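So you can see what is in the structure, the chains are spelled out below.
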Amino acid sequence: MNLDAVRTFVAAVDAGQFQDAATALSITQQAVSKRIAALEKDLGVRLFTRTARGTHLTVDGQTFLPHARELLRAEARADASVRPGRRALRVDVHSRRIAPAVLLQDFHRAHPRIELDVVTLDADVHAAMAAVEAGTVDATFHAVTVAARHLPSAIRTTRVIDEHHELLVGPRHALANARTVTPAQLADHRIWMPGMAPGTEWADYYNELAAAFGLTIDLVGPVFGNEALLAEIADSTELATLAGERTRYLWPDSYDLRRVPVRDPAPIYPMSLIWRDDNPHPALAALRDHLGSRRVRAPGTEVWLPAWAHLS
């Protein structure tokens with residue numbers, strides 16, 4: 001069914017005259033007549049009766065009118081669902097606990113009128129970048145471990161997060177009361193991070209971190225979820241894990257878990273915003289500006305970055 005003909009039909013009903021409908025649609029009266037005739041032929045019924053006093057709906061026209069209006073409303077909704085600036089900006093944060101989700105929530109507070117669709121693809125950088133390239137999401141946050149010249153031609157990235165680390169320990173751990181710890185101090189302690197998938201950018205990061213400071217990062221054990229991990233750490237004198245300083249964890253007060261900043265040098269996990277350079281969504285530019293103005297810079301202390309963080 002031709003929607004221009006349906007639109008012309010509704011305009012003729014609202015105007016009461018074909019000439020007035022033609023004026024409203026900025027077309028000729030002859031074009032209005034042709035569109036109505038084509039619609040009547042398509043439907044196999046007469047929609048109007050024409051008299052010297054104007055046009056009047058037939059019974060079939062009266063029956064069709066509410067459906068015609070709904071067709072036009074559906075067209076408007078379909079158009080709005082994909083038109084840049086009118087649909088929600090779809091952003092992947094991988095996990096709702098980590099820094100990108102925190103910063104995206106901060107963006108929403110600063111720009112409450114921008115509609116967001118926050119998703120968690122649970123994908124590594126390669127799969128998430130493919131989703132951006134395919135248009136499944138408008139943007140994603142990941143560590144980018146290759147130089148820009150090796151990325152797909154349509155992909156753009158900018159580093160927006162320098163995430164500091166904290167050691168998460170229970171109250172009976174040897175480092176529970178430390179104000180800060182150094183990576184060298186962690187060499188004598190077991191860092192438990194079960195379930196970290198090999199080959200991901202975060203696994204590569206922790207492998208490089210462990211090699212740089214002689215750390216023991218234990219990936220052994222089934223994954224029962226963050227709640228089980230926190231319970232094990234709370235009850236242990238030896239277990240500890242590393243968490244981003246803006247990673248959100250909740251636990252019962254009885255656990256008395258401690259978050260101890262890692263400093264001197266401070267390991268930094270760098271994350272970038274990834275998007276397509278031809279994406280016209282206006283909210284994407286607003287998000288990039290927001291993140292650029294709020295990037296947490298490294299403190300005055302010495303920092304450590306993985307080798308790939310210096311690629312350009």
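The shown structure was predicted, so the numbers you read here are calculated from the model rather than taken from an experiment.

(A) Expanded view of the overall build of the protein chain. Across its full length, the protein chain holds ten helices and twelve strands. A compact globule built from 312 residues should have a C-alpha radius of gyration of about 20 Å, whereas the protein chain, at 30 Å, is more than 25% larger. In terms of principal-axis extent, the alpha carbons of the protein chain reach across some 100 × 45 × 30 Å. Carbon and sulfur atoms provide 51% of the accessible area of the protein chain, an area that totals close to 16,200 Å². When the 34 basic and 37 acidic side-chain charges of the protein chain are each reduced to a single mean position, those positions are 9 Å apart.

(B) The side chain of Thr241, seen in detail. As for its position among the elements, Thr241 is in strand E9 (residues 239-244). Here Trp192 takes part through its backbone oxygen, which lies 2.8 Å from a polar atom of the side chain of Thr241. Leave out the neighbours within four places in its chain, and Thr241 touches Glu166, Leu167, Leu168, Ile191, Trp192, Met193 and Ile233.

(C) Highlighting empty space enclosed by the protein. Going through the model one piece at a time under the given rule, you end up with one cavity of 30 Å³ or more. For the largest cavity, the calculated volume is near 30 Å³. Together, His165, Pro183, Leu186, Leu209, Phe213, Leu215, Leu242, Val262 and Pro267 line the largest cavity. Listed by contribution, the elements that provide at least two residues to the lining of the largest cavity are helix H7 (183-186) and helix H8 (201-213). Here the lining of the largest cavity is built from residues that sort into eight nonpolar, one polar and no charged.

(D) Summary view of the pairing of strand E11 (residues 266-276). The element E11 is extensively covered by neighbouring structure, given that ten of its eleven residues are classed as buried. Pairing of strand E6 (residues 155-169) with E11 involves nine bridges; the strand directions are antiparallel. Across the sheet, Asp162 pairs through a bridge with Pro270, a residue of E11. Pairing between E11 and strand E12 (residues 303-304): two bridges, direction parallel. Looking at E12, one finds that Ala266 is bridged to Val303.

(E) Focus on the packing of aromatic side chains. Enumeration over the complete set of coordinates arrives at seven aromatic pairs. With a centroid separation of 5.1 Å and an interplanar angle of 85°, the aromatic rings of Tyr205 and Tyr206 are classed as edge-to-face. A single burial state applies to Tyr205 and to Tyr206, both of which are buried. When the ring of Phe213 is compared with that of Trp304, the centres are 5.9 Å apart and the planes differ by 70°; the resulting orientation is edge-to-face. A residue pair is termed long-range when its members are at least 10 positions apart, and Phe213 in helix H8 and Trp304 in strand E12 qualify at 91 residues. Clustering of aromatic rings is evident, with ring pairs tying together Tyr205, Tyr206, Phe213, Tyr269 and Trp304.

Calculation rules
- Residues numbered from 1 in each chain as written.
- Predicted model: local features only at pLDDT ≥ 70, side-chain atom pairs only at ≥ 80, totals over all residues.
- Heavy atoms only, no water.
- Helix = DSSP H or I, 4+ residues; strand = E, 2+ residues; numbered from the N terminus.
- Rg over C-alpha atoms; globule rule 2.2 N^0.38 Å.
- Areas by Shrake-Rupley, 256 points an atom, 1.4 Å probe, with all protein chains shown as cover.
- Lys, Arg positive; Asp, Glu negative; His and termini not counted.
- Charge placed at Lys NZ, Arg CZ, Asp CG, Glu CD.
- Polar contact = N/O pair within 3.5 Å; in protein donor to acceptor, adjacent residues only side chain to side chain.
- Contact = heavy atoms within 4.5 Å.
- 1 Å grid on protein atoms, 1.4 Å probe; cavity = no way out; pocket = protein on both sides within 12 Å on 5 of 7 lines; lining within 4 Å.
- Points joined across faces, edges and corners; volume = space filled by probe spheres on them.
- Nonpolar A, V, L, I, M, F, W, Y, C, P; charged D, E, K, R; others polar.
- Buried < 20%, exposed > 50% of the residue type's maximum accessible area, 1.4 Å probe, protein only.
- Pairing = 2+ DSSP bridges.
- Phe/Tyr/Trp six-rings, centres within 6.5 Å; stacked < 30°, edge-to-face > 60°.

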